[in-house]
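# Tertiary structure, described
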Amino acid sequence: MLRILMASSEAWPLLKTGGLADVAGSLPPALAALGHDVRLLLPAYPAALQAAAGEGIARVGGVELAGLAVDILQTCLPGTQVAVWLLDYPPMFARPGNPYLQPDGRPWWDNEHRFALFARAVVALALDRVGLGWRPDVVHCNDWQAGLAPALLSQEPRRPATVFTIHNLSYQGLFPGSAFDALQLPESLRGYQGLEYHGQLSFIKGGIVYADRVNTVSPRYAREIQSGAMGCGLDGLLRHRGTRLSGILNGIDADVWNPATDPHLAQTYDRDHLTRKAANGEFLRRRMALPRTQQVPLIGFIGRLVEQKGVDWLLQAIDALGDRAHWVVLGSGERGFERALQERAQRLPQRIAVHIGYDETLAHQIEAGADLFLMPSRFEPCGLNQMYSLRYGTVPVVHAVGGLADTVVDCTAAALAAGTANGFCFAQPGPAALLEALERALAAFADAALWRRLQRAGMALDLSWRCSAHSYGRLYQRAIADRASG
Ligand code: ADP
């Protein structure tokens with residue numbers, strides 16, 4: 001049994017802006033189920049306080065961090081026994097809306113101060129300077145918001161082991177170089193071998209340079225980020241840390257995303273009752289005012305409408321397939337992409353349905369009702385939707401990158417013979433390769449027996465957090481061993 005302090009700036013259901021929240025909300029309970037003692041730390045944002053209110057929130061301590069008096073509140077991750085500590089410092093965290101951005105979309109003007117304070121709170125709790133009578137064996141920091149914590153802990157002779165997880169390398173927490181002095185960081189962290197990145201202060205480097213172990217959210221992404229093409233300027237450093245860098249696939253919440261029990265569905269189903277899935281297709285087509293046919297496959301897409309997700313390739317695929325496919329798209333993001341999708345939906349309502357916005361219920365209904373699910377991401381550290389699709393018997397078509405490549409097995413003759421084929425992958429970036437994969441998928445869709453094999457292979461996978469939690473347990477042990485051997 002290990003004592004684990006997990007630091008994350010978001011955790012579902014307390015606060016969510018992206019996949020990090022899913023991990024920080026799911027991994028701690030999965031670790032607890034394996035017998036570990038996990039405590040989660042996040043800032044006391046108003047939304048988090050509101051979401052935790054039902055669990056009860058108590059002040060358990062206070063501490064002075066870089067001259068600021070902060071409180072530590074304690075609550076519980078809703079629906080679990082996992083203890084959550086909230087760093088309460090209202091001048092920095094009691095702000096409405098997005099935790100990182102002002103209402104006009106610009107970053108909060110003092111993010112470096114806010115997340116340096118967060119890192120200092122991690123250090124104080126890790127060394128029990130708050131006096132809560134608990135010391136972790138390992139501190140698990142996530143993304144740039146917690147990146148300074150491993151750096152600051154590296155200065156402490158009696159520190160616990162540290163693990164740093166990169167959920168998306170393109171967000172690095174870069175600030176003007178002058179922030180180094182403003183934050184009064186230890187001199188030994190200065191310079192390009194420390195926290196400096198081309199004259200700027202890099203929070204993510206704090207994790208990558210100083211943590212005992214670094215990992216990302218899929219084995220493939222761990223390799224990709226060591227290449228010049230996908231290393232976001234940090235590939236050299238990541239190669240340097242290569243022997244300490246690994247990848248662990250995220251799991252999915254197998255209770256929330258279970259077609260056999262999903263309350264959002266018109267009809268529940270499982271691997272042995274796949275014919276029942278069709279009722280969800282009919283429901284979705286009716287809801288989205290699409291023609292009620294089973295001859296033309298319905299292709300789903302859910303996600304942020306940004307370049308990373310390959311929305312421009314998606315648009316080209318919609319145009320190229322003409323009336324051989326129907327589409328249902330759910331998402332929000334860049335205005336240009338939103339408009340381009342809406343324009344097609346208005347022009348071709350009998351083929352394309354678009355819902356701009358965030359809608360959890362519709363997301364479940366698309367996963368159940370679509371025949372195919374498209375994820376043409378340029379890069380994808382792990383990705384969740386392809387795993388939901390596999391579980392729901394909705395065959396994924398994906399760009400073979402990151403976690404997409406690690407979860408979707410292309411329908412080749414060899415994979416079919418081995419019984420592992422569960423979707424369609426394209427290796428070359430761009431719409432031409434995407435279309436080629438879609439053409440293969442449409443041909444397979446016309447072969448009912450083959451289609452069932454693909455669906456069943458996907459539905460048979462165990463994509464739950466249990467597996468990943470075991471892997472994290474082993475990673476923590478390695479970090480502790482590294483720490484012990486100096
Ligand atoms: P990322 O973290 O890069 O946005 P992931 O695939 O890892 O992508 O996770 C995105 C999560 O957010 C998934 O659970 C996905 O279903 C959900 N999601 C994204 N956009 C929407 C939306 N518009 N409505 C409902 N759920 C959405």
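So, on to the overall build of the protein. Across its full length, the protein holds 19 helices and 18 strands. The C-alpha radius of gyration of the protein comes to 23 Å, within 12% of the 23 Å expected for a compact globule of 486 residues. In terms of overall dimensions, the protein has C-alpha extents of about 65 × 45 × 45 Å along its principal axes. Within the protein, the proportion of its 486 residues that are buried is 57%.

Look at helix H18 (residues 448–459): 16 Å from first C-alpha to last across 12 residues, which is about the 16 Å you get at 1.5 Å a residue. Those residues of H18 that fall on the buried side of the exposure criterion are Leu450, Trp451, Leu454, Gln455, Ala457, Gly458 and Met459.

Attention now moves to the sheet that holds strand S10 (residues 200–202). Pairing within the open sheet is antiparallel, and its 3 strands lie in the order S8-S10-S9. Each end of this open sheet is capped by a strand with a single partner; those strands are strand S8 (174–175) and strand S9 (196–197). Sheet strands touched by helix H7 (residues 203–210): S8, S9 and S10. Its angle to S10, the strand with the most contacts, is close to 55°.

Neighbouring the ligand are 16 residues, the closest being Gly19, Arg304, Lys309, Gly357 and Asn385. Backbone polar atom of Gly19 to an oxygen atom of the ligand: 3.0 Å apart, as the coordinates give it. Between Gly357 and the ligand, the recorded distance is 2.7 Å, taken from a backbone N or O atom to a nitrogen atom. Within the complex, the protein chains bury 90% of what would otherwise be the 560 Å² of accessible surface of the ligand. For the shell around the ligand, the elements supplying multiple residues, two or more each, are strand S13 (298–305), strand S14 (326–333) and helix H14 (385–391). The element that contributes the greatest number of residues to the shell around the ligand is S13, accounting for 3 residues. Its residues placed into classes, the shell around the ligand shows 6 nonpolar, 6 polar and 4 charged.

What follows is about the domain arrangement of the protein. You can read the domains of the protein as domain 1 (3–251 + 466–485) and domain 2 (274–461). Taking only C-alpha atoms into account, the centre of domain 1 sits 33 Å from that of domain 2. At the interface, 16 residues of domain 1 touch 16 residues of domain 2. With both sides pooled, the region where domain 1 packs onto domain 2 buries about 1200 Å², and carbon together with sulfur makes up 59% of that total. Remark: the boundary between domain 1 and domain 2 carries 0 salt bridges. Connecting domain 1 to domain 2 are 4 residue pairs in polar contact (both at pLDDT 80 or more). When residues of the side of domain 1 that touches domain 2 are assigned to their parent elements, the largest contribution, 4 residues, is made by helix H8 (residues 219–224). Residues that form the side of domain 1 that touches domain 2 fall into these classes: 6 nonpolar, 6 polar and 4 charged.

Within the fold, Leu31 resides in helix H1 (residues 19–33). Sequence-wise, Leu31 and Val82 are 51 residues apart; in three dimensions their C-alpha atoms are separated by 9.7 Å.

The strand order S3-S4-S5-S2-S1-S6-S7-S11-S12 describes an open sheet built from 9 strands, whose pairing is mixed. Edge positions in the open sheet fall to strand S3 (58–65) and strand S12 (245–247), since each of these has one partner strand only. Strand-to-strand twist across the sheet, computed as the mean angle between neighbouring axes with direction ignored, equals 25°. With 4 bridges joining them, strand S1 (residues 3–7) and strand S6 (residues 138–142) adopt parallel strand pairing. Of the residues in S6, the one forming a bridge with Leu5 is Val139.

So, about the environment of Lys277. Assignment of secondary structure puts Lys277 in the loop between S12 and helix H10 (278–287). For the pair formed by Lys277 and Glu360, sequence separation is 83 residues and the distance between their alpha carbons is 19 Å. The residues touching Lys277, leaving out its near neighbours within four places in the chain, are Tyr269, Glu367, Ala368, Gly369, Ala370, Tyr392, Gly393, Thr394 and Gln455.

Right, let's get into the side chain of Gln102. Assignment of secondary structure puts Gln102 in the loop between helix H3 (90–93) and helix H4 (111–126). For Gln102, a relative accessible area of 16% gives the class buried. In terms of polar contacts, Gln102 uses its side chain to reach the backbone carbonyl oxygen of Pro107, at 2.8 Å.

Attention now moves to the packing of helix H17 (residues 431–445) against H18. Where H17 meets H18, the axes come as close as 7 Å, and the angle between the chain directions of the two elements is 115°. On the basis of the axis angle, H17 is roughly perpendicular to H18. Touching Ala441, Ala444 and Phe445 of H17 are Ala448, Leu450, Trp451 and Leu454, all from H18. Of the residues assigned to the contact of H17 with H18, the class counts are 7 nonpolar, no polar and no charged.

Bringing the environment of Phe424 into the picture now. Mapped onto the elements, Phe424 comes out in strand S18 (residues 424–426). Phe424 sits 89 residues away from Arg335 along the chain, and the two C-alpha atoms are 29 Å apart.

What follows covers the packing of helix H11 (residues 311–321) against helix H12 (residues 335–347). Think of two packed helices as two axes; the pair is described by the angle between the axes and how far apart they sit. Interaxial distance between H11 and H12 falls to 10 Å at its minimum, and their mutual angle equals 15°. By the angle class used here, H11 and H12 are roughly parallel. The two elements H11 and H12 cross, and the hand of that crossing is left-handed. When H11 is examined against H12, the residues Val311, Asp312, Leu314, Leu315, Ile318 and Asp319 are found in contact with a partner set consisting of Phe337, Ala340, Leu341 and Arg344. Of the residues that constitute the contact of H11 with H12, the class distribution is 7 nonpolar, no polar and 3 charged.

A separate point is the layout of surface pockets. Empty pockets left among the atoms are what a rolling probe the size of a water molecule brings to light. Reported here for the second largest pocket is a volume of approximately 480 Å³. If you trace the second largest pocket, you find 22 residues lining it, with Ala278, Gln294, Asp371, Phe445 and Arg452 closest to the centre. Of all the secondary structure elements, the ones that give two or more residues to the lining of the second largest pocket are H10, helix H13 (360–369) and H18. Its residues placed into classes, the lining of the second largest pocket shows 9 nonpolar, 7 polar and 6 charged.

Calculation notes
- Residues numbered from 1 in each chain as written.
- Predicted model: local features only at pLDDT ≥ 70, side-chain atom pairs only at ≥ 80, totals over all residues.
- Heavy atoms only, no water.
- Helix = DSSP H or I, 4+ residues; strand = E, 2+ residues; numbered from the N terminus.
- Rg over C-alpha atoms; globule rule 2.2 N^0.38 Å.
- Buried < 20%, exposed > 50% of the residue type's maximum accessible area, 1.4 Å probe, protein only.
- Expected span 1.5 Å × (residues − 1).
- Pairing = 2+ DSSP bridges.
- Contact = heavy atoms within 4.5 Å.
- Axes fitted to C-alpha atoms, helices over the stretch in contact; angles between N-to-C directions.
- Near = heavy atom within 4 Å.
- Polar contact = N/O pair within 3.5 Å; in protein donor to acceptor, adjacent residues only side chain to side chain.
- Areas by Shrake-Rupley, 256 points an atom, 1.4 Å probe, with all protein chains shown as cover.
- Nonpolar A, V, L, I, M, F, W, Y, C, P; charged D, E, K, R; others polar.
- Domains from an automatic or database assignment.
- Buried area = accessible area lost by both parts, 1.4 Å probe.
- Salt bridge = Lys/Arg side-chain N within 4 Å of Asp/Glu carboxyl O.
- Parallel < 35°, antiparallel > 145°, perpendicular 65-115°, else oblique.
- Left-handed = near helix turned anticlockwise from the far one by under 90°.
- 1 Å grid on protein atoms, 1.4 Å probe; cavity = no way out; pocket = protein on both sides within 12 Å on 5 of 7 lines; lining within 4 Å.
- Points joined across faces, edges and corners; volume = space filled by probe spheres on them.

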